[in-house]
Amino acid sequence: MLQSLAGSSCVRLVEQHRSAWCFALLVLGYLLYLVFGAVVFSSVELPYEDLLRQELGKLKQRFLEEHACLSEQQLEQFLMRVLEASNYGVSVLSNASGNWNWDFTSSLFFASTVLSTTGYGHTVPLSDGGKAFCIIYSVIGIPFTLLFLTAVVQRIIVYVTRRPVLYFHIRWGFSKQIVAIIHAIVLGFITVSCFFLIPAAIFSVLEDDWNFLESFYFCFISLSTIGLGDYVPGEGYNQKFRELYKIGITCYLLLGLIAMLVVLETFCELHELKKFRKLFYVKKDKEDDQVHIMEHDQLSFSSISDQAASMKDDQKANEPFVTSQSPTSNDSSLNN
C-alpha cells in the first residue's frame, strides 16, 4: 500500500514538473555532447598536431645548421612577424603578392561575411579606423541582415512550403502531417544537392588544392555560418577572373543562407517537432491566463451583448429581398 502511494506520488511529482525535468535532461545532454565532441576532436587531431610539431622542429634545426650566421632568436623574430602578417591576410610569399585583400570585390566579400556572421578571419581590418567602422557597421548591419533574411524567408516559405502542402492536402486528400514530412525531406534533399553537392563539385574544379571533401566541408562551414576560415575560395595564385569569382561566391553565400533558413523553418513547422520543442518550454499558469483574459474589455458580458446586437442589425441590413417596415405600417396592419 505504501509503495503504491509512494509510486503514485512520484508519478504526480514528475507530471507536475515535467517541463523542468525535460529541460534538465536537455542541459545534461548538451553538456555530454560537448564533452563527446572534445574527446573525439582531441583523439583525432592531437596525433597530427604532434607530427606537425616534430616536422617543424626538424626543419627549423636543419635551417639553422645550414645557415650558421643566423641565430635562433633572429629567425624566431622573423617568423613571428611573418605569422602576424599572415593572420591579417598578408603573405610574404612571392606567389601571393599579386592578390590584394582590400580591393572592391574582396571588401564586398568581407562585408558579406561580417553581416552574415560567418567571419572567416582570413582578412581583418588593420587600421584603427577600419576596426572602429567594422564595429559600427556590424551593430547596424547584423540586425538589418536578420530583418532582411526574415522578411525574405517569410515570403519564400509561403510559396515553397505552405501552399504546396495545402495543395496536396486539399486536392488529393492526403494527411497534412504526412505531406509536410515528405515535403520537408524532399526540400532538404533539393537544398543539399543545389547548395552543397553541386557547388562542392564546382569548387573542387576551380580550386587547385581542394578535393571534393574539402569543397563540401567549405560549403557546410560557410552556410552554417561557422566560418573557420581554413578554406577560403579565390585566394589562390593567379586565380582566373578573381573579381567575378568573388562576386559569385558572395551571391552563393547569400542565396545558400536563405535556402538554409527556409529548410530550417520548414522543419520547425512540422507538428512532431513542435510537440517535441514544447517539452522543454515553460508552461503558462492557468490563473495568469484567466486573469489576462478577464482584463480584456471586449470579453465582458455587456460588450458581448452590444456586439451581438450590432451584428444582428448588420445581418438584417445586409439580408437580400427583405424590406424594412416602419412602425406605423405595423400598427395599421394590426388594427386591420
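Calculation criteria
- Residues numbered from 1 in each chain as written.
- Predicted model: local features only at pLDDT ≥ 70, side-chain atom pairs only at ≥ 80, totals over all residues.
- Heavy atoms only, no water.
- pLDDT = per-residue confidence, 0-100.
- Helix = DSSP H or I, 4+ residues; strand = E, 2+ residues; numbered from the N terminus.
- Contact = heavy atoms within 4.5 Å.
- Patch = residues over 30% accessible without salt bridge, like charges linked within 9 Å, V, L, I, M, F, W, Y side chains within 5 Å.
- Areas by Shrake-Rupley, 256 points an atom, 1.4 Å probe, with all protein chains shown as cover.
- Salt bridge = Lys/Arg side-chain N within 4 Å of Asp/Glu carboxyl O.
- Expected span 1.5 Å × (residues − 1).
- Buried < 20%, exposed > 50% of the residue type's maximum accessible area, 1.4 Å probe, protein only.
- Core = buried A, V, L, I, M, F, W, Y, C linked by side-chain atoms within 4.5 Å.
- Axes fitted to C-alpha atoms, helices over the stretch in contact; angles between N-to-C directions.
- Parallel < 35°, antiparallel > 145°, perpendicular 65-115°, else oblique.
- Left-handed = near helix turned anticlockwise from the far one by under 90°.
- Nonpolar A, V, L, I, M, F, W, Y, C, P; charged D, E, K, R; others polar.
- Phe/Tyr/Trp six-rings, centres within 6.5 Å; stacked < 30°, edge-to-face > 60°.
- Lys, Arg positive; Asp, Glu negative; His and termini not counted.
- Charge placed at Lys NZ, Arg CZ, Asp CG, Glu CD.

## Re the confidence of the model for the chain
The share of residues in the chain with pLDDT of 70 or more is 75%, and the mean pLDDT across the chain is 79. Here helix α12 (residues 327-335) stands out as the least confident element of the chain, with mean pLDDT 39; helix α7 (residues 212-223) is the most confident, with 95. Low pLDDT, under 50, characterises residues 293-309; the predicted model gives this stretch six contacts beyond four residues in sequence or across chains. Low pLDDT, under 50, characterises residues 311-336; the predicted model gives this stretch one contact beyond four residues in sequence or across chains.

## Describing a nonpolar patch on the surface
A surface patch of nonpolar side chains, amounting to about 600 Å² of accessible area, comprises Val192, Leu197, Ile198, Ile202, Val205, Leu206 and Phe212. With six residues, the single largest contributor to the nonpolar patch is helix α6 (residues 176-206). With respect to the element layout, valine 192 can be found in helix α6.

## Remarks on helix α4 (residues 104-115)
Here α4 is 12 residues long and its end C-alpha atoms lie 16 Å apart, about the 16 Å a rise of 1.5 Å per residue gives. Listed as buried for α4 are Thr105, Ser106, Phe109, Phe110, Ala111, Ser112, Thr113 and Val114. The elements touched by buried residues of α4 are α5 (128-171) and α8 (242-268). Two residues or fewer after α4 comes threonine 117, characterised by a positive phi angle close to 60°.

## Some remarks on the nonpolar core
Residues Phe203, Cys219 and Leu253 are the most contacted members of the largest nonpolar core, which totals 15 residues. Those elements giving two or more residues to this core turn out to be α6, α7 and α8. Considering each element in turn, this core owes the most residues, five residues, to α8. One finds Val153, Leu187, Leu257 and Val262 within the second-largest nonpolar core, a separate group that totals seven residues.

## Side note on the environment of valine 153
Mapped onto the elements, valine 153 comes out in helix α5. Between the C-alpha atoms of valine 153 and methionine 260, which are 107 residues apart in sequence, the distance is 9.7 Å. Beyond its immediate chain neighbours, meaning those up to four positions away, valine 153 contacts Ile258, Leu261 and Val262.

## Observations concerning the pattern of salt bridges
Taken as a whole and assessed by the stated rule, the structure comprises four salt bridges. Close ionic contact of glutamate 72 with lysine 60 constitutes a salt bridge, the shortest N to O distance being 3.1 Å. Of this pair, glutamate 72 sits in helix α3 (residues 72-87) while lysine 60 sits in helix α2 (residues 18-66), and the two are 12 residues apart along the sequence. Salt-bridge contacts for arginine 162 lead to glutamate 269; the nearest nitrogen and oxygen are separated by 2.7 Å. Here glutamate 269 lies in the loop between α8 and α9 (271-278) and arginine 162 lies in helix α5, a separation of 107 residues in the sequence.

## Focus: the packing of α5 against α6
Across the interface, α5 lies against α6 with an axial gap of 9 Å and an inter-helix angle of 135°. Comparing their axes, α6 and α5 come out oblique. Of the two possible hands of crossing, α5 and α6 adopt the one that is right-handed. Each of Val160, Thr161, Pro164, Val165, Leu166, Phe168 and His169 in α5 lies in contact with α6, whose residues at this interface are Lys176, Val179, Ala180, His183 and Leu187. Here the contact of α5 with α6 is composed, by residue class, of eight nonpolar, three polar and one charged.

## Examining the packing of aromatic side chains
What describes a pair of aromatic rings is the distance from one ring centre to the other and the angle between the planes of the rings. This model, assessed by the stated rule, comprises 14 aromatic pairs. Taking 6.0 Å as the distance between ring centres and 20° as the angle between the ring planes, the aromatic pair formed by tyrosine 120 and phenylalanine 218 counts as stacked. Taken together, the residues tyrosine 120 in the loop between α4 and α5 and phenylalanine 218 in helix α7 connect sequence positions 98 residues apart. By relative accessible area, which is 2% here, phenylalanine 218 ends up buried.

## Observations concerning a positive patch on the surface
A cluster of basic residues, Lys176, Lys274, Arg277 and Lys278, forms a positive patch on the protein surface. The greatest single-element share of the positive patch, amounting to three residues, is contributed by α9. Secondary-structure assignment places lysine 274 in helix α9. Overall, lysine 274 belongs to the partly exposed group, its relative accessible area being 38%.

## Concerning the packing of α6 against α7
Here α6 crosses α7 at 130°, and the two axes come no closer than 8 Å. Relative to α7, the element α6 is oriented oblique. By crossing handedness, the relation of α6 to α7 is classed as right-handed. Between α6, through Phe195, Phe196, Leu197, Pro199, Ala200, Ala201, Phe203 and Ser204, and α7, the contact on the second element is made entirely by Phe212, Ser215, Phe216, Phe218, Cys219, Phe220 and Leu223. By residue class, the composition of the contact of α6 with α7 is 13 nonpolar, two polar and no charged.

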